[in-house]
There are 2 protein chains.
Amino acid sequence: DRLVLQYGATQGFVGFREALAGFLSQRYGAEVRAEQLALSGAVSLSLGLLADVFGRRRGLVACEDPTYFLARGIFDSAGLRSFGVPIDDEGLNVEALRARIEAGEVPDFVYLIPTFQNPSGSVMSEARRGALLALAEAHDFVVIADEPYNLLHFEGARAPLPLAMHPAAGDRVVSVSSFTKILAPGLRTGWWQASPAMLERALGHGVLRSGGNLNPVMAQMLLPLIEGGFLARNVDATRELLASRCAAMCDAIRSELPGARFVEPPGGYFLWVDFGAGVDARALRRAAKAHGVAFTEGKRCAVDAAFPSTARLSFAFYEVDEIREGVARIAAALAGLG
Amino acid sequence: DRLVLQYGATQGFVGFREALAGFLSQRYGAEVRAEQLALSGAVSLSLGLLADVFGRRRGLVACEDPTYFLARGIFDSAGLRSFGVPIDDEGLNVEALRARIEAGEVPDFVYLIPTFQNPSGSVMSEARRGALLALAEAHDFVVIADEPYNLLHFEGARAPLPLAMHPAAGDRVVSVSSFTKILAPGLRTGWWQASPAMLERALGHGVLRSGGNLNPVMAQMLLPLIEGGFLARNVDATRELLASRCAAMCDAIRSELPGARFVEPPGGYFLWVDFGAGVDARALRRAAKAHGVAFTEGKRCAVDAAFPSTARLSFAFYEVDEIREGVARIAAALAGLG
């Protein structure tokens, strides 16, 4: 179809959105409609565009603390100021956010990663989800949920639904996802899920009004991978691979780094480890580098907090043997610091 | 190469940039080096990213008046305020810009379309280019040049070089272009040309630091079209097609709309026509619509000016016969307004 090479419908071709909606409905076990989806770029670009659309009232964003370490740079580039809200094993501490809001800091939007959080691996509880959405309604702010890992659960039938599918989401939530973690990063293609009214606002960005859809040709190329079942098979294979790598990393930490504290993540890419009070994660990172292994310091994921003794470890890229070797080298580096 | 599917080098693969540099060097008759190029999205997206990087000092942009009618929406979304600077047959009126600056309105950047301007079709003169760059140096602002039409000249050996290649460009100019007008809009892929220092600043955008290159897989798909000569042949075929369509439109206007004033454009997509004092272009557009033909009112391209009796006509999309019929219908609509 030569029209695919023209400027694309801003929301994305309906045929692509219908195929994606069918795929997601099947994976989520809940109906996703094509009208609730917009084809977009990968998550980083989506966050930049959504920050522009939803961040111009007061220029203020609330982020989980810790959060994805490069998200704050995206909001900085959009000209927004960020503040951090603590998280725990149940996700965002909504009462801490409420206190900030009652002290006058009402964000334009809350940015969070509710499922298999980056960097902590945690999953936001249903109670917290409901409380956050009630707070958003009470104080008239938007929620931008970064949800690239939702299909990558290790246990149980499925992860919680995207926040945009929550019964209380209304016209306040955009869930952002992409093919990066379930197919390949280089595709730079993803989607937004929201109510049609919310999508209409989001698609009002000047870049989209000018250029139309961000990836019409790539979408057309991905369509047979969705319709032919390759994507579904690849998601299951990826889940299995990630689960085995996560288990290997957790086992290795328990045996090689007995003083470290962490919660075994039920899905996703990351594990958040606290090496213990008194360990300087920056010094450990330098020492580990000399042993030929790298990790992301907890401090890099911080918004307002410090996280001096923590790190984000990724189990996504390397083979099980490499993961075991990497943890052993971190343990050797830690022993050398003593 | 499986690495193509990974996050791409932010500036784009060096092999792609070398091939593009070779192609552009040949077309421009002047050396473009791979280090002066960054692979990016199409122009709309590029403008959004560059507006973020270069527009955060005072939040002020100077635009040609008239300008590309959807550019201001991009700057609005980035949170910037725009003001207009008049243009004439030699491009931006640099003295008018100087007066605004001396009155205290120093822009963070000037946005302009120096070659085959949208909507006017004009080409900025060498004298004006030099004067603008001297003004930029004196008042420390950046110039973002939107240059998607440079290879689409109808007469002579070639159009002026991109503004980033001007001897006085220094580290102040980014020229933005894309494959939209020379291959297909749906590819949503383009490039920035600038000094390496300027590119480094531009590539510091949070979206790019997070997501890497915007289109690595698409670039790899375009590479054989550049290396195999298809792109060069397509550019020449496109030039020939556009030249014949432009000539047909100009002839039709001269014969059907003898009261209209316009300058025959030497390249590009657009022609700017003044139907004459007293003609209400909005009323004419409505009447023309009833005759089954559409055009962009001059007013839509305005920043601060009015342009009540003008229109932007595009000769890019339709066949010669359709163009003649379209102009005849506008003439009939105009006669009906009488």
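Up top is the structure.
Reading the values: the criteria
Residues numbered from 1 in each chain as written. Chains lettered and ligands numbered in written order. Predicted model: local features only at pLDDT ≥ 70, side-chain atom pairs only at ≥ 80, totals over all residues. Heavy atoms only, no water. Phe/Tyr/Trp six-rings, centres within 6.5 Å; stacked < 30°, edge-to-face > 60°. Helix = DSSP H or I, 4+ residues; strand = E, 2+ residues; numbered from the N terminus. Buried < 20%, exposed > 50% of the residue type's maximum accessible area, 1.4 Å probe, protein only. Lys NZ or Arg CZ within 6 Å of the ring centre and 35° of its normal. Least-squares fit on C-alpha atoms with pLDDT ≥ 70 in both. Contact = heavy atoms within 4.5 Å. Pairing = 2+ DSSP bridges. Salt bridge = Lys/Arg side-chain N within 4 Å of Asp/Glu carboxyl O. Axes fitted to C-alpha atoms, helices over the stretch in contact; angles between N-to-C directions. Left-handed = near helix turned anticlockwise from the far one by under 90°. Nonpolar A, V, L, I, M, F, W, Y, C, P; charged D, E, K, R; others polar. Buried area = accessible area lost by both parts, 1.4 Å probe. Polar contact = N/O pair within 3.5 Å; in protein donor to acceptor, adjacent residues only side chain to side chain. Parallel < 35°, antiparallel > 145°, perpendicular 65-115°, else oblique. 1 Å grid on protein atoms, 1.4 Å probe; cavity = no way out; pocket = protein on both sides within 12 Å on 5 of 7 lines; lining within 4 Å. Points joined across faces, edges and corners; volume = space filled by probe spheres on them. Core = buried A, V, L, I, M, F, W, Y, C linked by side-chain atoms within 4.5 Å. Expected span 1.5 Å × (residues − 1).

Draft legend 1. Representation of the packing of aromatic side chains. Following the criterion strictly, the structure yields 24 aromatic pairs over all chains and no others. With a centroid separation of 5.8 Å and 80° between ring planes, the pair formed by B:Y68 and B:F69 is classed as edge-to-face. An angle of 50° between the planes, with centres 5.8 Å apart, marks the rings of B:F275 and B:F295 as tilted. Linking B:F275 in the loop between β9 (270–274) and α10 (281–290) with B:F295 in the loop between α10 and β10 (296–297), this pair joins segments that are 20 residues apart in sequence. According to the relative accessible area criterion, B:F295 is buried, its value standing at 9%. Here the aromatic cluster, defined as three or more aromatic residues joined through ring pairs, consists of A:F16, A:F179 and A:W191. One Lys or Arg, A:K181, reaches over the ring of A:Y269 and ends 5.5 Å from the middle of that ring.

Draft legend 2. Highlighting the relation of the copies chain A and chain B. Mapping chain A onto chain B leaves a residual RMSD of 0.0 Å; the transformation is a rotation of 180° accompanied by 0.0 Å of translation along its axis. The transformation relating the two chain copies, once decomposed into turn and shift, fits a two-fold axis. Relative to the rotation axis, the C-alpha of A:A78 is the closest in chain A, positioned 3.3 Å from it. Mapped onto chain B, 97% of the interface residues of chain A are again interface residues, and the two copies thus contact each other with one and the same surface.

Draft legend 3. Focus on the sheet that holds strand β2 (residues 60–65) of chain B. All names here are of chain B. In space, the 8 strands of this open sheet follow the order β1-β8-β7-β6-β5-β2-β3-β4, with mixed pairing throughout. Across the chains shown, the open sheet's two edge strands, defined by having one partner strand only, are β1 (37–41) and β4 (91–92). For β2 and strand β3 (residues 81–88), the ladder comprises 6 bridges, and the chain directions are parallel. Directly across from D65, in β3, lies its bridge partner P86.

Draft legend 4. Up close: the environment of B:A136. All names here are of chain B. Of note, A136 is situated in helix α5 (residues 126–139). Counting along the chain gives 51 residues from A136 to L187, while the straight-line C-alpha distance between them is 33 Å. With residues up to four places along the chain from it excluded, the contact list for A136 reads F141, V143 and R172.

Draft legend 5. Seen up close, the sheet that holds strand β12 (residues 310–314) of chain A. All names here are of chain A. With antiparallel pairing, the 4 strands of this open sheet are ordered in space as β9-β10-β12-β11. Two strands lie at the open edges of the sheet, namely β9 (261–262) and β11 (296–297), each paired on one side alone. Bridging between β9 and strand β10 (residues 270–274) involves 2 bridges; their strand directions are antiparallel. Directly across from R261, in β10, lies its bridge partner D274.

Draft legend 6. Seen up close, the pattern of salt bridges. Counted under the stated rule, the structure contains 40 salt bridges over all chains. The closest approach of N and O atoms between B:R128 and B:D88, which form a salt bridge, is 2.9 Å. Of this pair, B:R128 sits in helix α5 while B:D88 sits in strand β3; the two residues are 40 residues apart in sequence, bridging distant segments of the chain. Connected via shared salt-bridge partners are A:R57, A:E137, A:D140 and A:R172.

Draft legend 7. Layout of the packing of helix α1 (residues 14–28) of chain A against helix α8 (residues 216–227) of chain A. All names here are of chain A. Direction vectors running N to C along α1 and α8 enclose 35°, while the axes themselves pass 10 Å from each other. As α1 runs across α8, the sense of the crossing is left-handed. Contacts between α1 and α8 pair G15, F16, A19, L20 and F23 from the former with A219, L222, L223, I226 and E227 from the latter. The residue inventory of the contact of α1 with α8, partitioned by class, reads 8 nonpolar, 1 polar and 1 charged.

Draft legend 8. A look at the pairing of β9(B). All names here are of chain B. Among the 5 residues that make up β9, 5 are buried, leaving the element largely enclosed by the rest of the structure. In β9, alternate side chains face the same way, and those of F270, W272 and D274 on one face and L271 and V273 on the other are all buried. The pairing of β9 with strand β11 (residues 310–314) spans 5 bridges and is antiparallel. When the bridges of β11 are listed, L271 appears paired with L313.

Draft legend 9. The arrangement of the interface of chain A and chain B in detail. Facing the 39 residues of chain A at the interface are 38 residues of chain B. Summing both partners gives a buried area of about 2,900 Å² for chain A against chain B, and 63% of it is carried by carbon and sulfur. Of all residues in chain A, the largest losses of buried area upon contact with chain B belong to A:S77, A:R188 and A:S210, amounting jointly to 18% of the total for that side. Applying the counting criterion to the chain A and chain B interface returns 14 residue pairs in polar contact (both at pLDDT 80 or more). Secondary-structure elements contributing two or more residues to the side of chain A that touches chain B are α2 (43–54), α3 (71–77), α7 (206–211) and α8 of chain A. In the side of chain A that touches chain B, the residues fall into 18 nonpolar, 15 polar and 6 charged.

Draft legend 10. Up close: unusual backbone geometry. Note that the residue after A:N118, namely A:P119, is joined by a cis bond; omega there is 20°. The backbone phi angle of A:D140 is positive, close to 55°, even though this residue is not glycine. Of note, A:D140 is situated in the loop between α5 (126–139) and β6 (142–146). Backbone geometry at B:F116 places phi at a positive 55°, although glycine is not the residue there.

Draft legend 11. Here's a closer look at the packing of helix α9 (residues 230–256) of chain A against helix α11 (residues 320–337) of chain A. Residues and elements named next belong to chain A. In the contact formed by α9 and α11, the axes pass within 9 Å of each other and the chain directions differ by 25°. As judged from the angle between their axes, α9 and α11 are roughly parallel. In this structure, α9 crosses over α11, and the sense of that crossing is right-handed. Taking contact as the criterion, the partners of S244, R245, A248, M249, A252, I253 and E256 in α9 are, on α11, V320, I323, R324, V327, A328 and A331. Of the residues belonging to the contact of α9 with α11, the class tally is 9 nonpolar, 1 polar and 3 charged.

Draft legend 12. Structural detail: empty space enclosed by the protein. In the structure shown here, the tally under the stated rule is 6 cavities of 30 Å³ or more. Considering only enclosed or pocket space, the largest cavity measures out at about 160 Å³ in volume. Each residue belonging to the lining of the largest cavity can be placed in one class, and the counts come to 8 nonpolar, 11 polar and 2 charged. Approximately 80 Å³ is the volume found for the second largest cavity. If you trace the second largest cavity, you find it lined by A:L45, A:G48, A:L49, A:D52, A:H205, A:V207, B:L45, B:G48, B:L49, B:D52, B:H205 and B:V207. Only α2 of chain A together with α2 (43–54) of chain B provide two or more residues apiece to the lining of the second largest cavity. Its residues placed into classes, the lining of the second largest cavity shows 6 nonpolar, 4 polar and 2 charged.

Draft legend 13. Geometry of the nonpolar core. Counting 199 residues, the largest nonpolar core has A:W192 and B:W192 as the members making the most contacts within it. At 9 residues, α9(A) tops the list of elements feeding residues into this core.

Draft legend 14. Representation of α8(A) within the structure. Here α8(A) is 12 residues long and its end C-alpha atoms lie 17 Å apart, about the 16 Å a rise of 1.5 Å per residue gives. Buried residues of α8(A): A:P216, A:V217, A:M218, A:A219, A:L222, A:L223 and A:I226, and no others. Against the buried residues of α8(A) lie α1, β1 (37–41), β8 (189–193) and α9 of chain A together with α8 (216–227) of chain B. A:G229 sits one or two residues past α8(A) and shows a positive phi near 90°.

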